[in-house]
Amino acid sequence: MDIIQFTLIKGKWLIDGLTSHWRNFYYRSLGVKLHGYIWMREIEIPRNYSDIEILSGCAIDRGVTILCSGENLTHPKIIIGANTYINRNTFLDAIESITIGKDCAIGPSCYITDHDHGCDPSLPPLGQPMISQPTIIGNYVWVGANVTILKGVQIGDRAIIGAGSVVTKDIPAGAIAVGVPAKVIKERIYS
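Nothing here was measured: the structure is a model prediction, and the numbers come from that model. (Residues numbered from 1 in each chain as written. Predicted model: local features only at pLDDT ≥ 70, side-chain atom pairs only at ≥ 80, totals over all residues. Heavy atoms only, no water.)

J.: Just give me the short version of the side chain of S20, but keep the residues and values in it.
T.: Examined against the element boundaries, S20 turns out to sit in helix α1 (residues 3-30). On the accessibility criterion, S20 (0% relative accessible area) is buried. Apart from residues no more than four positions distant in its own chain, S20 is found in contact with Y37, I38, W39 and M40. (Helix = DSSP H or I, 4+ residues; strand = E, 2+ residues; numbered from the N terminus. Buried < 20%, exposed > 50% of the residue type's maximum accessible area, 1.4 Å probe, protein only. Contact = heavy atoms within 4.5 Å.)

Rendered as structure tokens:
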């Protein structure tokens, strides 16, 4: 690598870092509870800023959307634990409670929610009531690309969810789960 390439790369890192610091300042000023510095690329938080809490050391990549809607509650609707990485184009969608533990890796293009709509045949789709249950992802969890995690699911510590899976039921700690719907295929062994 020659000196010009090195200088260009160094300059890009500097610009990315300054832009990330600006985003920390901007979202903090809107009411997002940021604990320490959070690496933020071009993300979207459209509203209800005070319903979001992100702990230190997290990295949130380009295209991530963090959406809280519904009535105001006394607790944050989305909590992201320390040192967790959320990859590109992931969508977090809460009306009650989504908790992601510490040191997790969330792959690109995932969808994580705590609610869905009712299915009353006498009502049109957009007239259905919202039904919610807290969604909890434990510590050290690895979620592959394009995973959907639905309402009320609890994923235990150190679990792995394979790419493309749809998680509709709880996954125990240390399990490896894949498929639609996701099923445990084996347990992780620790020495």
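J.: Please set out the nonpolar core residue by residue, giving values where relevant.
T.: Ranked by size, the top nonpolar core spans 39 residues in total, and within it I54, I66, I80, I100, I149, I155 and V167 carry the most contacts. Elements with a minimum of two residues in this core: β3 (52-54), β5 (65-68), β6 (78-80), β8 (91-94), β9 (98-100) and β20 (175-178). Once residues within four sequence positions are removed from consideration, I149 is found in contact with Y111, I112, T113, T135, I137, V143, I155 and V167. (Core = buried A, V, L, I, M, F, W, Y, C linked by side-chain atoms within 4.5 Å.)

J.: Give a description of the pairing of β20 that names residues and reports values.
T.: For strand β18 (residues 160-161) and β20, the ladder comprises two bridges, and the chain directions are parallel. Residue pairing across strands places I161 opposite A177, the latter belonging to β20. Across four bridges, the pairing between β20 and strand β21 (residues 183-187) is antiparallel. Across the sheet, the residue bridging to A175 is E187, located in β21. Between β20 and β21, which follow one another and run antiparallel, lie four residues, and G179 among them has a positive phi close to 110°. (Pairing = 2+ DSSP bridges.)

J.: Give me the environment of V180: which residues, what numbers.
T.: Within the fold, V180 resides in the loop between β20 and β21. Considered as a pair, V180 and D120 are 60 residues apart in the sequence and their alpha carbons are 25 Å apart. If sequence neighbours within four positions are ignored, V180 has contacts with G164 and V166.

J.: Explain the sheet that holds β6 residue by residue, including any values.
T.: As summarised here, the arrangement of the six strands in space is β1-β3-β6-β9-β14-β17, forming an open sheet in which the pairing is parallel. One side of each edge strand has no neighbouring strand; the edge strands of this open sheet are β1 (33-34) and β17 (154-155). The pairing of β3 with β6 spans three bridges and is parallel. Bridge pairing in β6 places I54 opposite I80.

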